[in-house]
Amino acid sequence: MQHRVLLVDDEPKITRALSRLLRSDDLTIFQADSGAAGLRILDAEPIDLVISDHRMPEMTGAEFLAEVSDRYPNTIRLMLSGQADMDAVIDAVNRGSIAKFLTKPWSNEVLRETVRESLAQVVDGRTDEDTGWLTRSAFLELMNQQASSSAISVVVADIRNASQLVALRDGQEKKRIYTAIQRLFVDALSNIVVPLASIDRGLIALASNDPEIALKLKELSRALDTPVSIDGSMVQLDMTFGVAKHGHGEVSSPIQRAQIAVASTRPGDDAVIEYTRGMRSELIHLHSLERDLTAAVGNGEFFLELQPQVDTQSMAIAGGEALIRWQHPKHGLISPLQFIDMAERNGVIEDIGIWVIEQGLTLLEAVAEIAITPATISINLSPRQIANAISSGRWLHLLQDFHEHSPALISSLELEITESTAMHDIRHASDVIREVKALGVRVSLDDFGTGHSSIGQLAQLDIDSLKIDRSLIRHAHRDYRSETLFRHTVMLATELGLETIAEGIENPTQIELCKSLGVTKLQGFGLFKPMPVHEFCYQLEQLDHHD
């Protein structure tokens, strides 16, 4: 492992001399002539150790290293100083800004040995080699030292898309990403008494004695709704947080309780969860459900309901969205909000997705036999199904086989892809959509209005319809700004030649608004609730008999 060392001194001859001395130890050397220049390098590069002179204009070495301590607490900090600067050195040591100091003039052997000993901390189990953060054991040791003197809270953050962030990046690019993530926490939180640690894949821990830690984490979570700049590109961080206080008398450690809290977060819930008693038993229940989920498809425990979609002008049923339900043999009906995310995490979503598409294709055939007027059947695709579509998409092979046998019928199938999934990797999403549409399948962009897509990005997707999220119409009938946003969304879709489907329709006022704006289809409890497949088919039969 080649370590990276930053030398900071306003005299170039000093940094050159130190560089010549240390390069023989197979180190990557960076040089800066001021504290400000040093901070710019630290912002851009993952640095293991900093050596700084004390006497520099504008920002002294003590001030510079104190800033490094705040921003990059895992970077080892050494100071060069003369005897006249000992008061500043002692103060920096007491405040924890520096690990060691070296006097001028220095001894080459002493300096090299000090650097070697300091960098040994990176490889002797205290620092994770990939991230540059503390290891779990080092974190626990430091946390226990701090807890003896003050009440602290332990935070565990789960970067759910961690593997996607570092995929196809080399070691130094990965380190720059980890450095940027560390900076987010340092900027957002105060009183961090134990710096970031890598405790498991995608899991970060830190400790703080800030009494407002949960509030500040919520502010950070809201800020992460907007993509952040990491390693020169805009990245969407999917992060949730668990918080546990270090209290005496608890059987489990605070880091374990914080992990339980973060594991209890669910899509749509608050991204910051504080540990409470009873959370452990709830998590055990969820793990039990997760085990049962793997066998649910084979046991025939899933069934479909359909929520009708209504043509805005005729107000007749024009299609339906297939919604999966799980009838657990012991716990009864389990909400999709509870098990879909679970299935996505453990990979069972692949088998569930195959089952849903098989049922959907069977339903297409059944509807074709009873309905005079064509009715569209919509099926949701999960992020994992999209990600694996080209390489190992069994569901795509199912559609290809169905297309060979029923090329006319497959045009009544519509696949829904959420806006956030499409925008995560728009190039890949475009490729998948192209494959699907080549089979005659329609594609809808679901949950539009909840993500961060631009008009330019939307134009890149060869979709047929835009499904406008319920959040855009919820207050449109009584709030001018909401109505304006909804109206312009419909106008945008129409200009792009897309059909529009308004979700969450609850009352006649919303229906009239959608009619006046030319929305194509409506869906919501104000029209029809999800219903069993046989009832949906009955509604279609009644509609045709009535006609």
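Please read these numbers as outputs of a predicted model, since none were measured by experiment.

Enquirer: Help me get a handle on the confidence of the model for the chain, residues and values and all.
Expert: Looking at the chain, the pLDDT average stands at 84 and 91% of residues meet or exceed 70. Within the chain, the lowest mean pLDDT, 70, falls on helix α15 (residues 389-392), and the highest, 96, falls on strand β21 (residues 521-522).

Enquirer: If you had to explain the pairing of strand β17 (residues 413-418) to someone new, which residues and values would you point to?
Expert: With respect to burial, β17 is a largely interior element, 5 of its 6 residues being buried. The sheet contact formed by strand β16 (residues 376-380) and β17 spans 4 bridges and is parallel. Each residue of the ladder has a partner; that of S378, found in β17, is E414. Relative to strand β18 (residues 442-448), β17 runs parallel, the two being bridged by 5 bridges. Across the sheet, the residue bridging to E416 is S444, located in β18.

Enquirer: Go over the packing of helix α2 (residues 35-44) against helix α3 (residues 61-71), please, and point to the residues and values.
Expert: Interaxial distance between α2 and α3 falls to 10 Å at its minimum, and their mutual angle equals 20 degrees. With respect to α3, the axis of α2 lies roughly parallel. For the crossing formed where α2 meets α3, the hand is right-handed. Every residue of α3 that contacts α2 at G35, G38, L39, L42 and D43 is listed here: F64, E67, V68 and R71. Class assignment of the residues belonging to the contact of α2 with α3 gives a composition of 4 nonpolar, 2 polar and 3 charged.

Enquirer: Pulling in residues and values, what's your account of the sheet that holds strand β11 (residues 239-245)?
Expert: Read from one edge to the other, the open sheet built from 5 strands follows the order β7-β8-β6-β11-β12, with strand pairing classed as mixed. Looking at the sheet topology across the chains shown, the edges are occupied by β7 (192-200) and β12 (272-274). Strand-to-strand twist across the sheet, computed as the mean angle between neighbouring axes with direction ignored, equals 20 degrees. As defined by bridge partners, strand β6 (residues 153-159) adjoins β11 across 7 bridges and the pair is classed as antiparallel.

Enquirer: Quick rundown of the pattern of salt bridges? Include the residues and the values.
Expert: Enumeration according to the criterion identifies 19 salt bridges in this entry. E109 is paired through a salt bridge with R112; the nearest N and O atoms lie 3.8 Å apart. A residue pair is termed a helical-turn pair when its members lie 3 or 4 positions apart in one helix, as E109 and R112 do in helix α5 (residues 108-123) at 3 residues. Residue E321 pairs with K467 through a salt bridge whose shortest N-O separation is 2.7 Å.

Enquirer: For the sheet that holds strand β3 (residues 49-53), give the residues involved together with the corresponding values.
Expert: Pairing is parallel across the open sheet formed by 5 strands, whose spatial order is β2-β1-β3-β4-β5. Across the chains shown, the open sheet's two edge strands, defined by having one partner strand only, are β2 (28-32) and β5 (100-103). For this sheet, the mean inter-axis angle between neighbouring strands, taken without regard to orientation, is 20 degrees. As defined by bridge partners, β3 adjoins strand β4 (residues 76-81) across 5 bridges and the pair is classed as parallel. Across the sheet, the residue bridging to V50 is R77, located in β4.

Analysis parameters
- Residues numbered from 1 in each chain as written.
- Predicted model: local features only at pLDDT ≥ 70, side-chain atom pairs only at ≥ 80, totals over all residues.
- Heavy atoms only, no water.
- pLDDT = per-residue confidence, 0-100.
- Helix = DSSP H or I, 4+ residues; strand = E, 2+ residues; numbered from the N terminus.
- Buried < 20%, exposed > 50% of the residue type's maximum accessible area, 1.4 Å probe, protein only.
- Pairing = 2+ DSSP bridges.
- Axes fitted to C-alpha atoms, helices over the stretch in contact; angles between N-to-C directions.
- Parallel < 35°, antiparallel > 145°, perpendicular 65-115°, else oblique.
- Left-handed = near helix turned anticlockwise from the far one by under 90°.
- Contact = heavy atoms within 4.5 Å.
- Nonpolar A, V, L, I, M, F, W, Y, C, P; charged D, E, K, R; others polar.
- Salt bridge = Lys/Arg side-chain N within 4 Å of Asp/Glu carboxyl O.

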